[in-house]
Amino acid sequence: MAIVTPNNQPGVHLKEYSYVFRLSSEEARVLNRHRDCLVRGATGFAGIYYDYLFDNPDISDILYAYERKGGDIGQWVRTELGYLFDALAPETDAGRENELTDAGRHHLEQGFKPVWIISTYHLFIDYLKSLLPDLNLKPADSAKLESVLIKLLLRNLGQVIEGYWQAALENTENKLARLAGEQGRAEELLGGLPYLLWTVDVKKNDVVFANPSMEALYSDGLEAPLPCLSDTREEDQQQLLLTWQNAVSGSTSHAEVRMSLAGGKLHWYRVSLYPALNRLGRTTKVHCILEDINRLITERRRLERLATTDALTKVPNRALWADHLSMALAASRRVPGSQVVVISLDINQFKMYNDTLGHDVGDILLRDIAERLNTVVRESDSLARLGGDRFGILLQPVNNARIAAERVCNQVLDAMDTPFTCQGKHLCIGVTLGIACFPEDGVNEESLVVNAESAMQRAKRNGLPYQYFDPASDVSPAEQLRYSGQIRTALENDEFELHYQPQVDLQTSRITCAEALLRWEHPLDGTVMPQRIIPLAEQLGMITPITNWVLLTALMQCRQWSFDGTPVPVSVNVSARSFQNPRLLDKIKWALSETGVDGDCLEIEITEATLMQDIGRATEVLTQLSNCGVSIAIDDFGTGYSSLSYLKRLPIHTLKIDQSFIMDVASDQQDVAIVRSIIDLGHNLGYKVVAEGVENGSSWDMLSSLGCDAAQGFHISKPLPDSHFSSWLSGANAFT
Ligand code: C2E
Ligand code: MG
Ligand code: MG
């Protein structure tokens, strides 16, 4: 690269050296006369120069590094000496001058210090001066020659140093140009960023940097440390100040706050504060970034809503409901004695409407139902769509779960009373609800939801509007899965058994009937009760073979009691699904003829719900059974929705009052009133009335005084295996 002098004329400076240190004619004459001798003598300087270079460790390190990079030290030293010896020439030309400046440049590149160069010249002058006495000069010439040598070496040294500093200057200029380029790009970047940036000197509490947007926004002055504090919504200011404190303590901190900048609209901003620490770990500066995140927040809210709200009905979805539920349980755990109610709700006719009228109608229906449910559920409670036609209702901690659940269930049922209008059609909708209460019906969210669902399924099977969870009746999904494989083989493996429970005449204390009750002697779980077997068998399509087996076994047992001289009629429970089986009648007739037992020794027990499912078919089956002498008992009477007008028309013989009315009949006036009216009703219609669940003598006495016909319950006997029941029969045919 050509050396560019400050006045932009290469070589101008070098010429100046030649001018300043030019020789007079007398000096040139003295030099010319002795120059050859001096040049010859100068070669002896090589040894001194070597010593000088290698005695100085800093210089020798540079030379060795030069060698390691492939340079030749010998050549390098020879070139240097050549420059020194050339100084003895009286005249100089541009070519030589450039060589010297290149040498200076080279020294800089290698890391030579100017002082080392000057020292070399100093040594060389001393050396040349030591040669003078041998030249036998006149004293005047000797002084003149010495001054000539000094001039020549200073000229030479000046040109080398000129090259050195020109190169240094160029380097600095290049660096500055590069820095200026980088600074320009950084400024461009900072100016173009959609952020407001500023830096605060913590000690001075002063804004020491602000990007152009920040400066433009606060052109009146940047108030340290947070110029945006006064534009921040009052409720969020404390949060912003806390974030600043955290940053000053050395932690990177963020805050999302609402601000109205430059009197504009209130927007969400994220303030990010990055502390810069000194070596002692103290925060010296804080770099601050302010970013408009309004769109981000709006989008985030929209996604949150989408993730937690059911898109069709706009009520919370399962995920949000689960959240509400876990919060309610946590709140309830803090208040001993409080309960949380979880209700599972299913729409009875939804599938039918959806399939026949189309999904558009289905969607409108779901929306309308959700709207009505919303009017029933209090603000503090929570309604959610759990999927399909399934909704969930959560009642926040209450003191009496039953009262609260019953209130909500009845309100829900009332809300469904008015038909829905969809595309000009009036649609009647019924719902079924299942209730589980925390903590008694489940200790966590999952078990409560599962149990409320089981209760709802049972309510559906029994044709009831709602049911509470009952661990004895509701099968857990895990248990359901396990038993579903085993129940098929249980019949073949002879694992089913019948227990018998007597019914006794309240006046004479004589046994009037024995009810056959199913048990599964499970090889691992022990005795499994019928409430767990029957619903599962119904779902798995196993109820018909089980009912057939019960019928045949019970009738064979009945025949055995006759043989034993203790004849007792037997009663058999028939589930809803079995009752709907068109072959039931044939099976009963076949079992009677197979065992040779008379029809009047058999009673069939069905529930009100079973009867009401298809009243036309029920009338037909019951009439035919009645024609065979078989009597019909309505089981669990009082828990369902009986239509008295239908009851009157059916050939029914017995009403079995549900045990829930009997348990406390001796002490509860309300139960007395209900039981009395059922007995009156039954008798008016000509039925025998049996009370189930008679557990003690006082209930017996009360029932007896109310005119009830017969009683069944633990007070008389628990259900017994056949052998025990036979002994009981022979020993205590008359219960006293
Ligand atoms: P259910 O027909 O109402 O039978 C009476 C239930 O009350 C029996 O329960 C009996 O053990 C119980 N019980 C009787 N006296 C008392 C008492 O004093 N106190 C109390 N706490 N309970 C008493 P179990 O045997 O568990 O049967 C439950 C239900 O399962 C029966 O109710 C019946 O609906 C059904 N079930 C039983 N066996 C069969 C069957 O072979 N087929 C069908 N489809 N259902 C059956
Ligand atoms: Mg029964
Ligand atoms: Mg019953």
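Structure shown above.
Criteria and cut-off values
Residues numbered from 1 in each chain as written. Chains lettered and ligands numbered in written order. Predicted model: local features only at pLDDT ≥ 70, side-chain atom pairs only at ≥ 80, totals over all residues. Heavy atoms only, no water. Donors = N, O, S within 2.8 Å, 3.2 Å for Na, K, Ca; no water. Buried < 20%, exposed > 50% of the residue type's maximum accessible area, 1.4 Å probe, protein only. Helix = DSSP H or I, 4+ residues; strand = E, 2+ residues; numbered from the N terminus. Phe/Tyr/Trp six-rings, centres within 6.5 Å; stacked < 30°, edge-to-face > 60°. Lys NZ or Arg CZ within 6 Å of the ring centre and 35° of its normal. Pairing = 2+ DSSP bridges. Axes fitted to C-alpha atoms, helices over the stretch in contact; angles between N-to-C directions. Contact = heavy atoms within 4.5 Å.

Peer 1: Explain the coordination of the magnesium ion (ligand 3) here, please?
Peer 2: Perfect tetrahedral coordination of a metal by four donors corresponds to 109.5 degrees between them, and perfect octahedral coordination by six donors corresponds to 90 or 180 degrees. Here the magnesium ion (ligand 3) is held by Asp635 (OD), Asp636 (OD), Glu692 (OE) and Glu692 (OE), and the distances to it run 2.0 to 2.5 Å. Read in sequence order, the donor residues for the magnesium ion (ligand 3) give the motif D-D-x55-E. By relative accessible area, Asp635 is classed as buried at 8%.

Peer 1: Explain the coordination of the magnesium ion (ligand 2) here, please?
Peer 2: Looking at the metal site, the magnesium ion (ligand 2) is ligated by Glu515 (OE), Asn573 (OD1), Glu605 (OE) and Asp635 (OD), spaced 1.9 to 2.3 Å from it. In the primary sequence, the donor residues of the magnesium ion (ligand 2) line up as E-x57-N-x31-E-x29-D. A spacing of 4.2 Å is found between the magnesium ion (ligand 2) and the magnesium ion (ligand 3), which share Asp635 as a donor. Here Glu605 lies in strand β17 (residues 602-607) and Asn573 lies in strand β16 (residues 570-573), a separation of 32 residues in the sequence. Under the relative-accessibility criterion, Asn573 is labelled partly exposed at 29%. Glu605 gets classed as buried once you look at its relative accessible area, which sits at 1%.

Peer 1: Help me out: how do you make sense of the packing of aromatic side chains in this one?
Peer 2: Where two aromatic rings form a pair, the distance of their centres and the angle of their planes describe that pair. Under the counting rule described, the total for this entry stands at 17 aromatic pairs. Consider the rings of Phe45 and Phe124, whose centres lie 4.8 Å apart with planes at 50 degrees: the pair is tilted. One end of the pair, Phe45, is in helix α3 (residues 45-55); the other, Phe124, is in helix α7 (residues 114-131), with 79 residues separating them in the sequence. Judged by its relative accessible area of 0%, Phe124 falls in the buried class. Their ring planes at 85 degrees and their centres at 5.5 Å tell us that Phe112 and Trp116 sit as a pair that is edge-to-face. Trp116 gets classed as buried once you look at its relative accessible area, which sits at 9%. Lying over the aromatic face of Trp590, Lys587 brings its terminal NZ or CZ to 5.0 Å of the ring centre. Above the ring of Phe714, the side-chain terminus of Lys718 is found at 4.8 Å from the ring centroid.

Peer 1: So what exactly am I meant to see when it comes to the pairing of β16 here?
Peer 2: Remember that side chains alternate between the two faces of the sheet whenever the strand is regular. One ladder, built from three bridges, connects strand β14 (residues 511-522) with β16; its direction is parallel. Opposite Ala514, over in β16, you have Val570 as the bridge partner. The sheet contact formed by β16 and β17 spans four bridges and is parallel. When the bridges of β17 are listed, Ser571 appears paired with Glu603.

Peer 1: For this particular structure, what's the right way to read the sheet that holds strand β3 (residues 253-259)?
Peer 2: Strand pairing in a sheet takes place through backbone hydrogen bonds and is either antiparallel or parallel in direction. Strand order in the open sheet made by the five strands is β2-β1-β5-β4-β3, with antiparallel pairing throughout. Each edge of the open sheet carries a strand with a single partner, namely β2 (206-210) and β3. Each strand axis lies, on average, 25 degrees off the axis of its neighbour in the sheet, ignoring direction. As paired elements, strand β1 (residues 196-201) and strand β5 (residues 283-292) share six bridges and run antiparallel to each other. The residue bridging Leu197 from the neighbouring strand is Ile289, located in β5.

Peer 1: Help me understand the side chain of Asn354, please; the structure alone is not making it clear to me.
Peer 2: Inspection of the secondary structure assignment puts Asn354 in helix α13 (residues 350-357). Asn354 gets classed as buried once you look at its relative accessible area, which sits at 15%. In contact with Asn354, not counting residues within four places along its chain, are His359 and Gly362.

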